[in-house]
Amino acid sequence: MLLTALFCGACSNSVSEIGEERDDSSSAEVAPAEDAPVQVKIVADSAHEGMLRVQPMGASIFLGSDDERAKASEKPRMKVTLDYDFSLGVHEFSCADYELASQMDDGLRADLECVAGNVPKVNVSYYDAVLIANAYGKAKGVDTAYTYLNRLFDQNGNCAYLEGLTFHPEVEGFRLPTEAEWVVAASAAWNPEQSWNAANSGIVRREICDFVDSVGFCDLAGNVLELTNDWLGNLRDTAVTNYAGAPVGNSLLEKVVKGGSIIQPASDMTLYSRGDVYTVSTSTTTGYMGFRLAFGAIPHASWMASNGSAVGDLPVIKASSADIRQKVGTTRVKLAFRNNQTGNLAFVDYKDGRVNVAEIFDTLPVFHPEISPDGMKVAFCTGIEGVSGKSALYVRNLDADGSGLVKLDVESAAIPRWYVDASGDTSIVYVDDAGDNSDDAAFFTKATWSVPFSQGRFGKPKKILSGAYHGGVSREGHSDGIHRAVSGSKRLRVNVDGKDDIWLDGAQACNASLSGDGTDRTLFLDFGSAAGRNFAGKKYATHERLIVADSSGKLVRAIPAPDGYTFDHSEWADREDLAVVTIVNSAGAHRKIALVDVGDSSIVDLVEGEELWHPCLWAMSKSVAGNLELDSAGVYRDAVYQEGEKAMSVKMRMFWDNKDSFELIALGSSRTERGVDPLQFSMPSFNFGSVGGDLWAELYMANNYVLPHAKNLKYLVIEISPDLMSNSRSARMFTLFEQAPGYIYDRNHQFWKDSVPAEFIRIVDENNRYTVEDSLEYVNTLGLLKLESRGWGSDVQVMRDTILSQMDEKIYKKVVDSLTTFIDTTQNKGFKVIGLVYPQSPQYASTGSFGRHGTQRSLAKQTLDYFDSLSREYPHFILVDENKFGAHDYTDSMAYDFDHLSALGAERLSARLDSLLKNSP
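The structure displayed is predicted, hence computed values, not measured ones.

## Side note on the overall build of the protein
Argument step 1. Along the backbone of the protein there are 18 helices and 53 strands.
Argument step 2. Its C-alpha radius of gyration of 30 Å places the protein within 12% of the 29 Å reference for a compact globule of 921 residues.
Argument step 3. Here the C-alpha coordinates of the protein stretch approximately 90 × 80 × 45 Å along the principal axes.
Argument step 4. Expressed as a percentage of the 921 residues in the protein, the buried residues total 60%.
Argument step 5. Looking at the protein alone, contacts between residues at least 24 apart form 65% of all its contacts between residues at least 6 apart.
Argument step 6. When the accessible surface of the protein is split by element, carbon and sulfur atoms take 47% of a total near 34300 Å².

## Notes on the sheet that holds strand β13 (residues 239-241)
Argument step 1. With mixed pairing, three strands are arranged side by side in an open sheet as β4-β5-β13. Two strands in the sheet have a free side with no partner beyond their single neighbour: β4 (60-63) and β13. Direction aside, the axes of adjacent strands within the sheet are offset by 30 degrees on average.
Argument step 2. Relative to β13, strand β5 (residues 78-81) runs parallel, the two sharing three bridges. Each bridged residue has a counterpart across the sheet, and for V80 the counterpart in β13 is V240.
Argument step 3. Across the face of the sheet, helix α4 (residues 179-187) comes into contact with β4 and β5 while running at roughly 110 degrees to β4.

## Regarding the side chain of T855
Argument step 1. Following the sequence through the fold, T855 ends up in strand β50 (residues 854-856).
Argument step 2. Engagement of the side chain of T855 in a polar contact is seen with the backbone oxygen of P722, the distance being 3.0 Å.

## Side note on helix α11 (residues 695-709)
Argument step 1. Between its first and last C-alpha atoms α11 spans 20 Å; for 15 residues at 1.5 Å apiece the expected length is 21 Å, and the two agree.
Argument step 2. Counted residue by residue, α11 has 13 buried out of 15 residues, so it is predominantly covered.
Argument step 3. By the N-cap criterion, in which a side-chain oxygen at the helix start approaches the backbone nitrogen of a residue two or three places on, α11 is capped by D694, the distance to W696 being 3.2 Å.

## A few points about the state of the cysteines
Argument step 1. A full pass over the atoms with the stated rule returns one disulfide.
Argument step 2. Here C381 stays free of any disulfide, with the sulfur of C616 as its closest cysteine sulfur at 12 Å.

## Description of the confidence of the model for the protein
Argument step 1. Averaged over every residue, the pLDDT of the protein is 88; residues scoring 70 or more account for 92%.
Argument step 2. Confidence drops under a pLDDT of 50 for residues 1-26, and excluding neighbours within four residues, the segment shows 65 contacts in the predicted structure.
Argument step 3. The low-confidence segment residues 31-37, where pLDDT is below 50, has 11 contacts with residues more than four positions distant or belonging to other chains.

## Remarks on the pairing of strand β23 (residues 367-371)
Argument step 1. Of all five residues in β23, five are buried, a share of seventy percent or more.
Argument step 2. The loop that links β23 with its antiparallel partner strand β24 (residues 377-381) comprises five residues; one of these, G375, has a positive phi angle of about 80 degrees.

## Focus: the sheet that holds strand β43 (residues 603-608)
Argument step 1. With respect to topology, five strands assemble into an open sheet ordered β19-β43-β42-β41-β40, the strand pairing being antiparallel. What marks the edges here is a single partner per strand, and that holds for β19 (316-317) and β40 (566-572).
Argument step 2. When β19 meets β43, the two strands line up antiparallel, connected through two bridges. From the neighbouring strand, I317 faces β43, where its bridge partner is V607.
Argument step 3. Helix-sheet contacts for helix α5 (residues 321-328) involve β41 (578-584), β42 (590-597) and β43, and the interaxial angle to β42 is about 40 degrees.

## Describing unusual backbone geometry
Argument step 1. Cis geometry marks the peptide bond from K75 to P76, where omega comes out at -5 degrees.
Argument step 2. In this structure, P76 sits in the loop between β4 and β5.
Argument step 3. Cis geometry is found at the peptide bond from S489 to K490, where omega equals 10 degrees.
Argument step 4. Inspection of the secondary structure assignment puts K490 in strand β34 (residues 490-496).
Argument step 5. The residue D577 is not glycine, and still its phi comes out positive at about 70 degrees.
Argument step 6. When you line up the elements, D577 lands in the loop between β40 and β41.
Argument step 7. Here the phi dihedral of K884 falls at roughly 50 degrees; this positive angle occurs in a residue that is not glycine.
Argument step 8. For K884, the position within the fold is in the loop between β51 (877-881) and β52 (895-897).
Argument step 9. Since its relative accessible area comes to 41%, K884 is described here as partly exposed.

## Brief notes about the pattern of salt bridges
When their charged atoms lie close together, side chains carrying opposite charge are able to pair.
Argument step 1. According to the stated counting rule, one finds 41 salt bridges in the structure shown.
Argument step 2. Where D67 meets R69, a salt bridge forms, and the shortest distance between an N and an O atom there is 2.7 Å.
Argument step 3. Between R671 and D899 there is a salt bridge, with its nearest N and O atoms 2.8 Å apart. In this pair, R671 is assigned in helix α10 (residues 670-673) and D899 in the loop between β52 and β53 (900-901), connecting sequence segments 228 residues apart. Per residue, the accessibility class of R671 equals that of D899, and both read buried.

## With respect to α5
Argument step 1. The complete set of buried residues in α5 reads S321, I324 and V328. Taken around the axis of α5, the buried residues stretch over an arc of 55 degrees, which confines them to a single face.
Argument step 2. Contact partners of the buried residues in α5: β9 (159-163), β20 (333-339), β41, β42, β43 and β44 (612-619).
Argument step 3. A positive backbone phi angle near 95 degrees is found at G329, which sits one or two residues after α5.

Cut-offs used in this document
- Residues numbered from 1 in each chain as written.
- Predicted model: local features only at pLDDT ≥ 70, side-chain atom pairs only at ≥ 80, totals over all residues.
- Heavy atoms only, no water.
- Helix = DSSP H or I, 4+ residues; strand = E, 2+ residues; numbered from the N terminus.
- Rg over C-alpha atoms; globule rule 2.2 N^0.38 Å.
- Buried < 20%, exposed > 50% of the residue type's maximum accessible area, 1.4 Å probe, protein only.
- Contact = heavy atoms within 4.5 Å.
- Areas by Shrake-Rupley, 256 points an atom, 1.4 Å probe, with all protein chains shown as cover.
- Pairing = 2+ DSSP bridges.
- Axes fitted to C-alpha atoms, helices over the stretch in contact; angles between N-to-C directions.
- Polar contact = N/O pair within 3.5 Å; in protein donor to acceptor, adjacent residues only side chain to side chain.
- Expected span 1.5 Å × (residues − 1).
- Disulfide = S-S within 2.5 Å.
- pLDDT = per-residue confidence, 0-100.
- Salt bridge = Lys/Arg side-chain N within 4 Å of Asp/Glu carboxyl O.
- Arc of directions from axis to C-beta.

In structure tokens, the structure reads:
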């Protein structure tokens, strides 16, 4: 039975009050801010028990707000119109509902916390919710709205990743609601004062439907925070119809959550809020977050890119990272191509097992993308093979924003190809016209050029050949000139040591590509030529064979296209015997991009879409890793664990690159990450804090990384947060150490304590490239994540019971003992240990809790008194208490929230600590 609590004693309203269909006279008014109300009809869904049918009738609502107090991700207001009907669960998905769903999917574990069927199902990730929605659909005999390739579960049994996840808005199935759908339904009778919240819940999830609004929905405000289907993206001051969120996840894979929860005051619950106190990524789970189901298709769903442009359906991933590793030998692989439906550059990064299609949305036409040798940039042109005319050539970073765009200042440049010479210098080879090459006189009026490219800038172009050889060049054994060049439109032209020749008996050919592995093989497509038929031993139609010629022009391979399809846009990949092609159906649509093994003729579909062109597949060079494992060394990210790991992967690179210079290193949780500003210290300093950190993680990092490798260390700052000291070793960041390949690889090599190979630093840099966002957030500030000033808040949150369980008490004591041992064993090591207590909201002084995560104030005082006594016993240990149990002088302007400092607070704390250290003996 669906949403059973609606029809039980837990509900405040009777069945007739909620289940009775309403006529137009009881339609709800949705009032978007100061705008005039619009009518939305909400009726019982007779086809889906326990759901209400929402009929927007073209109603418009606003997402976000122009309120100055709103977060950056919540501004500005954006108008959204829905022109379709949908159904929404009366209440949050319950434990009873989960029991039914779990019977349809063996991967959904039994939930021992769901002792009562009428409470919301919590501790679910977004991926869990997707699996549950699919399972529920199967139980109800309807199609599933989500597909995926593989799924990964963490040690707690939660789904932490769904590789190749695709949402199908056209399917009439159970799914999570979009943010816009949720706001339409909630706007009808929004009243947070009638909710389970921090003031009345006891910070415990409550039974569903104790609070029912005037249209029949339960707990849209309060009880548990609710996941939506939307990726968190920027809002715009514009109007969008059938909005379904951002097209892809941001760097943190954040999801939009709505409604507030038991840990929030009612006054903090708003319709425009889109997040939680902490980042909500696809793998985040908490005891106060759940979801409710929606049902129905979204016709003409519209996603909005970061530049404000509307986006249709994105291409679908067909090959997993495991498939790529099997064929290419590594997952350090990227695929770039043109989405011909949008005209944009799209790409897939198979690193870390997180595979999705990203698209760079702008107004530039993109043809023939070519990924740089280091995999970080992409060159492309605005002209196309076989068509004469002007073309511009660009290079940009291969990231979601397409940053760092530069244009080559020449009259015309087409079909770019990267080239690295023997000295390691990088250049781009291009032609000034990519048109028909069949007429000799016309062909030799065109030319092939080379232009150096370094540090994001073009050098001076140089003509290297007469004739437009856009299929690639080789300088093998010819340092001062071109050994070989090919062209393939409409003849297969080959220039060897300055002599031009036409192969394939002059028959028509196209999409020529010269191998870069030193074999000088040429890949091309023909039009059913006699030479091709004779070699294949049978007739075939245009582009039905992918042909390979050796360095002499002899045909050596002819790979057949799948039945009913042909090939197009053939290119060698960055591995011997591998090529990429587009797969074309009988109607001429380029529906797939595939990887072809010319050795065994096997074909693996990579991506599927409406119209996909010009693929380029890059793989990290094996020479980068030396004797190290390419997919393990320096890979400090993991598909299963996501929270805090992006920051840590960036910081691990910063540590390895600068370990010999740091004199002060601060370890800790997000309080450290946001509270220590290295620029305020008079010595080279590094903020090594991260979301999810605790004392277990601090000591692990100190013993295995900092102490063995930071040779000039003078001060090690250890965060002491009593409310985090009952965390088990399996909590949060420590989970990453046990799962991310880089940490495991380091451990298996004794953390490189004897010596750090030069190639190891190189591969760490390759595997943890700085993005523009990283540079702004971490690199320029040496690890500090700067936050705006939002104040300590009007109320405080206590997320855990202040009275520790017997098990928690044991953990707490063990943490204290472990830190004591660390302090004892670091005597006479040449550096000082600083135990730093970060300020939290002064309002905690009026509670029984030390801070947000609990722990009785009396126990916290005993703990800090104990460490204060150690500071008198051990001369190298200093306790710095900036919290003083709330009696501190950090004002609202220095706070981001209840227990984190803003950039101003970090500046004060760091300057104070620097002054203390400079004046300490």
